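The chain contents come next:
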Amino acid sequence: MALLEVKNLGISFGGLRAVHEFHMKIEKGRLYGLIGPNGAGKTTVFNLLTGVYKPNEGIITLDGENIVGKKTTEINKAGIARTFQNIRLFKDLTVLDNVKAGLHNHYKYSTFAGILRLPNYFKVEKAMDEKAMELLKVFDLDGEAQTLASNLPYGKQRKLEIARALATEPKLLLLDEPAAGMNPNETKELMETIHFVRDTFDMTILLIEHDMKLVSGICEELTVLNFGQVLAEGKTADVLNDPEVIKAYLGE
Ligand SMILES: Nc1ncnc2c1ncn2[C@@H]1O[C@H](COP(=O)(O)OP(=O)(O)OP(=O)(O)O)[C@@H](O)[C@H]1O
Ligand SMILES: [Mg+2]
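In this text the structure is predicted, and so the values were computed from the model without any measurement.

## Details of the packing of aromatic side chains
Moving on, step 1. Evaluated as defined, the whole model comprises 1 aromatic pair.
Moving on, step 2. Arg88 extends its terminal NZ or CZ atom over the ring of Phe84, reaching a point 3.9 Å from the ring centre.

Structure below.
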């Protein structure tokens, strides 16, 4: 069974069919890409997959379970985590606390224990600190655990967003243009990080990206979206050499 299967997904905003008859199938552990021109509907697909928008039609199954109609928090608990096209960190929190924010799904103490600082509160907080530091080490951010997120350079903020998303222990990680605004060195590092995350956590990753070097370097399979519809799909090299794709998108 595929980890994610999407069938006949559609949403309209007023008269605009932003996503129409969209389908996609992603096997566990794959690095998958969603590409297409500006305004093609890529971020809208992410918003549909994560419950930000409710589709007008279609089915989305994660591990065989239909997640259409669930709230964003329920979908996150079911196993989908994401990063955003425009970075959304808690800028006034430290790097460590940003990752801990993602851990609250899994580590719990009662409000009562939190307010009264009961022993369980300290035990859970310590466990979260350890887990968050482990994740920060993966991204080489452990040295900056106490830095305010807003004081990190841009490339590191992007990495912190990925670390926070992973803290929720997702089955599927959605990355919306993670390399946007990065310099070539940061982009190269990001490419290595994404491979590392897949290999280390056996993660399934769906990536929206415009940088074709990054797409070729990361994605094993692709779906191309054009005017909200699937224009092509398949192995990355085949899709990027498809004359229709070149005409509609790459040759623009
Ligand atoms: N909440 C909304 N209300 C109205 N229109 C919307 C809404 N969200 C998206 N759209 C429209 O849907 C279309 C697809 O937008 P979307 O952001 O998904 O594109 P995209 O492929 O992510 O583009 P980009 O590469 O520029 O990020 C656009 O025409 C956009 O203006
Ligand atoms: Mg977008």
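On we go.
## Concerning the site of ligand 1
Moving on, step 1. Close contacts around ligand 1 come from 15 residues, with Gly39, Lys42, Thr43, Thr44 and Gln85 the closest.
Moving on, step 2. Contact distances for ligand 1 include 2.9 Å between a nitrogen atom and a side-chain N or O atom of Tyr53.
Moving on, step 3. At a separation of 3.0 Å, an oxygen atom of ligand 1 approaches a polar side-chain atom of His210.
Moving on, step 4. Taking 640 Å² as the accessible area of ligand 1 by itself, protein coverage stands at 65%.
Moving on, step 5. Looking at the shell around ligand 1, the elements with two or more residues in it are β2 (16-26) and α1 (42-49).
Moving on, step 6. It is α1 that contributes the most residues to the shell around ligand 1, 3 residues altogether.

## Some remarks on the coordination of the magnesium ion (ligand 2)
Moving on, step 1. For the magnesium ion (ligand 2), the full set of protein donor atoms is Thr43 (OG1) and Gln85 (OE1), at a range of 2.0 to 2.3 Å. Here the residue Thr43 occupies a position in helix α1, and Gln85 occupies one in the loop between β6 (80-82) and α3 (95-103), the gap between them amounting to 42 residues.
Moving on, step 2. Residue classification places Gln85 among the partly exposed positions, given a relative accessible area of 33%.

## Examining the sheet that holds strand β10 (residues 229-235)
In sheet architecture, strand pairing relies on hydrogen bonds along the backbone and comes in two forms, parallel and antiparallel.
Moving on, step 1. Sheet architecture is open: 6 strands sit in the order β6-β7-β8-β3-β9-β10, paired in mixed fashion. Either end of the sheet is taken by a strand with one partner, and the two such strands are β6 and β10. Taken over all neighbouring pairs, the strand axes of this sheet differ in orientation by 20° on average, direction set aside.
Moving on, step 2. One ladder, built from 4 bridges, connects strand β3 (residues 31-35) with strand β9 (residues 221-226); its direction is parallel. Each bridged residue has a counterpart across the sheet, and for Gly33 the counterpart in β9 is Leu222.

## Considerations on the side chain of Thr193
Moving on, step 1. Turning to its location among the elements, Thr193 is positioned in helix α7 (residues 184-201).
Moving on, step 2. The residues touching Thr193, leaving out its near neighbours within four places in the chain, are Phe139 and Lys159.

## Here we look at helix α6 (residues 154-167)
Moving on, step 1. With 14 residues, α6 should cover 20 Å at 1.5 Å per step; its first-to-last C-alpha distance of 20 Å lies within 8% of that length.
Moving on, step 2. Buried residues dominate α6, accounting for 12 of its 14 residues.
Moving on, step 3. Of all the positions in α6, only Gly155, Gln157, Arg158, Lys159, Leu160, Glu161, Ile162, Ala163, Arg164, Ala165, Leu166 and Ala167 are classed as buried.
Moving on, step 4. Immediately beyond the C-terminal end of α6, within one or two residues, lies Glu169, with a positive phi of roughly 50°.

## Here we look at the pattern of salt bridges
Moving on, step 1. Taken as a whole, this structure holds 15 salt bridges when the rule is applied.
Moving on, step 2. Lys28 is paired through a salt bridge with Asp202; the nearest N and O atoms lie 3.2 Å apart. Highlighted residues: Lys28 in the loop between β2 and β3 and Asp202 in the loop between α7 and β8 (204-208), separated in sequence by 174 residues.
Moving on, step 3. Of the residues examined, Asp202 reaches a relative accessible area of 45% and is grouped as partly exposed.
Moving on, step 4. Between Glu144 and Lys156 there is a salt bridge, with its nearest N and O atoms 3.0 Å apart. A residue pair is termed long-range when its members are at least 10 positions apart, and Glu144 in the loop between α5 (119-138) and α6 and Lys156 in helix α6 qualify at 12 residues.
Moving on, step 5. The class of Lys156 is partly exposed, set by a relative accessible area of 27%.
Moving on, step 6. Sharing partners across several salt bridges, the network here consists of Arg30, Arg198, Asp199, Glu220 and Glu221.

## Details of the sheet that holds β2
Moving on, step 1. Ordered by their spatial adjacency, 4 strands build an open sheet running β2-β1-β4-β5, and the pairing between neighbours is antiparallel. The open sheet terminates on both sides in strands that have one partner only, identified here as β2 and β5 (65-66).
Moving on, step 2. Summarising the sheet, strand β1 (residues 4-13) and β2 pair through 7 bridges and their orientation is antiparallel. Bridging across to β2, Leu4 finds its partner in Ile26.
Moving on, step 3. Contacting β1, β2 and β4 (57-62), α1 runs over the sheet at an angle of about 115° to β1.

Parameters at a glance
- Within any chain, residue numbers begin from 1 and follow the written order of that chain's sequence.
- Written order decides the labels, with chains lettered from A and ligands numbered from 1.
- Only residues with pLDDT of 70 or above have their local features reported here, since the model is predicted, and side-chain atom pairs are shown and tallied only from 80 upward, although totals for entire chains, interfaces and linings are computed over all residues.
- The basis for every side-chain value is the complete set of heavy atoms in the structure, and neither hydrogens nor water enter the calculation.
- Any two rings among Phe, Tyr and Trp, with Trp reduced to its six-membered ring, count as a pair given centres within 6.5 Å; such a pair is stacked if its planes are under 30 degrees apart, edge-to-face if over 60, and tilted if neither.
- Definition used: whenever NZ (Lys) or CZ (Arg) falls within 6 Å of the ring centre and also within 35 degrees of the ring normal, the charge is taken to sit over that ring.
- Near, as used in this document, describes a residue that has one of its heavy atoms within 4 Å of the molecule or strand being considered.
- Within 3.5 Å is the distance limit for a polar contact, defined as a pair of N or O atoms, with the added protein rule that one can donate a hydrogen and the other accept it, and that residues adjacent in sequence qualify only through two side-chain atoms.
- Working definition of accessibility: Shrake-Rupley area with a 1.4 Å probe, residue cover restricted to the visible protein chains.
- Going along the chain from the N terminus, every DSSP run of H or I of four or more residues is numbered as a helix, and every run of E of two or more is numbered as a strand.
- Sites may look incomplete, because water is not among the atoms used; the donor set itself consists of N, O and S atoms within 2.8 Å of the metal (3.2 Å for Na, K and Ca).
- Partly exposed residues are those whose accessible area sits between 20% and 50% of the maximum for their type, while under 20% is buried and over 50% is exposed, using a 1.4 Å probe and protein chains only.
- Two strands make a pair as long as DSSP finds a minimum of two bridges between them.
- Axis angles are defined between N-to-C directions and span 0 to 180 degrees, where every axis is a line fitted to C-alpha atoms and, for a helix, only to the segment in contact.
- Any two residues having at least one pair of non-hydrogen atoms within 4.5 Å are treated as being in contact.
- For a helix, the expected span equals 1.5 Å multiplied by the residue count minus one.
- By definition, a salt bridge exists where a carboxyl oxygen of Asp or Glu is found within 4 Å of a side-chain nitrogen of Lys or Arg.

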